[in-house]
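# Geometric and topological summary
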Amino acid sequence: MLDANMPTDQVCLGRKRPVPSCPNPLFLQWLTELRDSAKEKGLKTQYVYQKAINSLKKYPLPLKNGKEAKILQNFGDGICKILDERLQKHYRENGQGPQFSADGSDAPIHLAPSFQRSNMASSKQMEAPTNEPSGNLSEHMKRTQREVRKEKGTKKKREYVPQKRSGGYAVLLTLYRHAQTTGSKGFMFRNELQTEAQPLCEKSFTVPDLGSKYTAWSSVSTLIQKDLLVKTHNPARYSLTDQGLALAEKLDSEETGMAKEYVEQMSEEEDAQDGPDVVDLTLEEEEEQQEEKERCRFSKSLERPVPALSVNQARGQISESDAVGKSQTLEMGRAAMGWHLPPGSYEIVLCVDVIETTGGSSGRKQELVKELQRNCVTFDIRKLNVGDFLWVAREKVTPVPGQLRPPVGKELVLDYIIERKRMDDLCGSIIDGRFREQKFRLKRCGLRKPIYLVEECGSAAAHLSIPESTLQQAIVNTQVVDGFFVKRVQDVKESAAYLTIMTRYLQKLYHNCTLFCRSRELEGDGGDESEQTENLSCSLMAFTEFNYGAIKNKCQTVREVFARQLMQISGVSGDKAATVLEHYSTVSSLLQAYDQCSSESEKEKLLSSIKYGKLKRNLGPALSRTIYQLYCTHGPLS
């Protein structure tokens, strides 16, 4: 029995109208898609979207736009902005603005597409008898369409294309042409890339313009940000992405097309010269001047280097001329990479580490500088990352009128480097481990003639914490075992005298030599000297590359870290560590070798028969067992 007082609106009779479960189905659909996409990628934003979906389902009223949704819980600026962008995109795809309610208010009806179509049909039937929509509505519709068109114009992003003859332009072209050659590595090192790209760029890749700190190489960071270039490994390797490859191919085709136009014009000029000369006497003087200006402007544009193509090649097949152009450009880049200093174009300069002139006993260090000045030695004080003294061949440059400083000349490092040690300093370096590390770094620096300059310290040697016999033995081992040349002097004056004699000797030795630049990244860390000064040519490293490669705390490879670990073991010298690395370059490869051994004793003796040093002695069972215990024992070592 129903109560008479019960309100009648609670009793629902008849068939219900199909209404959407949420008044904002489009927002619900887009948030669901965003949540599913974040869930597939394993992002934590999926939980944020899920909270926003729960709040939206509870809200009973339609929303005009994403900004209005900010009143709901768990709706921030980011989600509201995404919804607004999706809504505008939805309007553009359907070719219409937002649907408005029949009463002329500007509240849009958020319905799913099927409901939108039925709603549009019903609204058309309602508008058919009147044919006079309200003025406010029509003005609003026009304004919305104008805004949509304006957004279409503003949201078009320009494709990034580097300026012609800029650093980015030259880098993209060089990497693309290098990738097209047979036997290409697929990447290029920094020095290799700079030297090959330099002919294609107006600015220098190494020396900044006057009043600026940026070089052409600074544009590489832009290429990486634009996803056109990838930088990997250490030393850095540079390669093109798919997007960068497509852009570089486009730039290369334009560059090649320009070369063809130039060749065609040259051939036309040759053909014209073969025929009889025809002089147009009716040509006015002003027209002649105008034509002369145009010719000058055109010739200036052609002065920029382009892939070299001959006229006969251009008249042949296009594909053949393209291949020849690329190969000749590559040869030009190879020549630029091996830049050289001919005899007479450089001077030999002694470089002194700044630590040798400041700090500590400054009086003694200043005495060295004064002695060098008294001996008329050309020297330069700078920061050296390894060694205390070395020599560079510095290019002679002429000052530019109007500039305060002359241009920076190129510098090549000679193969001689000196580490200076007083006896008290030698004692301290042996105690704290610097002595062994410094010798290891000198061997790895890439210079072939390391020298140890040992300076006596007089009566102070009797008060050192290490016996003098031990120091003498360390000096002998440095010469005999490590292969260093050791020069012993009495005081600072003798050290300055030795540096003076060495400077004059090197000036005479390299007097008539042509010096070629070699890359340490491509040719390794030295080895046997292939070109001798007697042949009037030799290959040397650039100073910037040498000093950067000798940085003590730079990023290290797995192989270098493994070598440092081995050298912390008592009894493992640099030679022994290098020998182990020749057989097992990483810890992983060594552990795999241990796993393949059948017994415990075989694992302990795995490294015992490895030969090291010039005498080819065995590493020994004791050291082999220590290394095995270090890497394979889980508990404390026995």
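The paragraphs below set out a description of the structure included in this document.

Conventions used here
Residues numbered from 1 in each chain as written. Predicted model: local features only at pLDDT ≥ 70, side-chain atom pairs only at ≥ 80, totals over all residues. Heavy atoms only, no water. Helix = DSSP H or I, 4+ residues; strand = E, 2+ residues; numbered from the N terminus. Contact = heavy atoms within 4.5 Å. Areas by Shrake-Rupley, 256 points an atom, 1.4 Å probe, with all protein chains shown as cover. Buried < 20%, exposed > 50% of the residue type's maximum accessible area, 1.4 Å probe, protein only. Arc of directions from axis to C-beta. Core = buried A, V, L, I, M, F, W, Y, C linked by side-chain atoms within 4.5 Å. Pairing = 2+ DSSP bridges. Salt bridge = Lys/Arg side-chain N within 4 Å of Asp/Glu carboxyl O.

Turning to the overall build of the chain, a few remarks are in order. Along the backbone of the chain there are 24 helices and 14 strands. Restricting to contacts in the chain with at least 6 residues of sequence separation, those with at least 24 account for 68%. Accessible surface for the chain amounts to roughly 38900 Å². Of this, 51% is attributable to carbon and sulfur atoms.

A word on the side chain of serine 495. Residue placement: serine 495 occurs in helix H17 (residues 492-509). Here serine 495 falls in the buried class, since its relative accessible area comes to 0%.

Of the residues making up helix H22 (residues 587-596), those classed as buried are Leu590, Ala593 and Tyr594. For H22, the angular spread of the buried residues around the axis is 100 degrees, confining them to a single face. Pointing more than 90 degrees away from the buried face of H22 are the exposed residues Asp595 and Gln596. For H22, the secondary structure elements touched by its buried residues are helix H20 (558-567), helix H23 (600-604) and helix H24 (621-632).

Attention now moves to the nonpolar core. Grouped together as the largest cluster of nonpolar side chains are 32 residues, with contacts concentrated most on Trp391, Tyr510 and Leu515. Of all the secondary structure elements, the ones that give two or more residues to this core are strand E5 (346-353), helix H13 (362-374), strand E7 (389-395), strand E8 (411-422), strand E9 (449-455), H17, strand E11 (514-518) and strand E12 (537-542). Counting residues per element, this core draws most heavily on H17, which supplies 6 residues. Not counting chain neighbours up to four residues away, the residues in contact with leucine 515 comprise Trp339, His340, Leu341, Tyr346, Ala393, Leu412, Tyr510, Cys538 and Leu540. Formed by 29 residues, the second largest nonpolar core is a distinct cluster that contains Val392, Ile417, Leu447 and Cys457.

Moving on, we get to the pairing of E5. Extensive coverage of E5 is indicated by the burial of 7 of its 8 residues. Of the strand pairs in this sheet, E5 and E7 are connected by 7 bridges, and their pairing is antiparallel. When the sheet's bridge partners are listed, valine 349 is paired in E7 with valine 392.

Looking now at the pattern of salt bridges. This structure, assessed with the given rule, holds 26 salt bridges. With a shortest N-O distance of 3.3 Å, glutamate 192 and lysine 185 are connected by a salt bridge. Residue classification places lysine 185 among the partly exposed residues on the basis of a relative accessible area of 37%. Put simply, glutamate 411 and arginine 382 hold a salt bridge, and the shortest N to O gap is 3.0 Å. With a gap of 29 residues between them, glutamate 411 in strand E8 and arginine 382 in strand E6 (residues 379-382) connect regions that are remote in the sequence. Residue classification places arginine 382 among the buried positions, given a relative accessible area of 14%.

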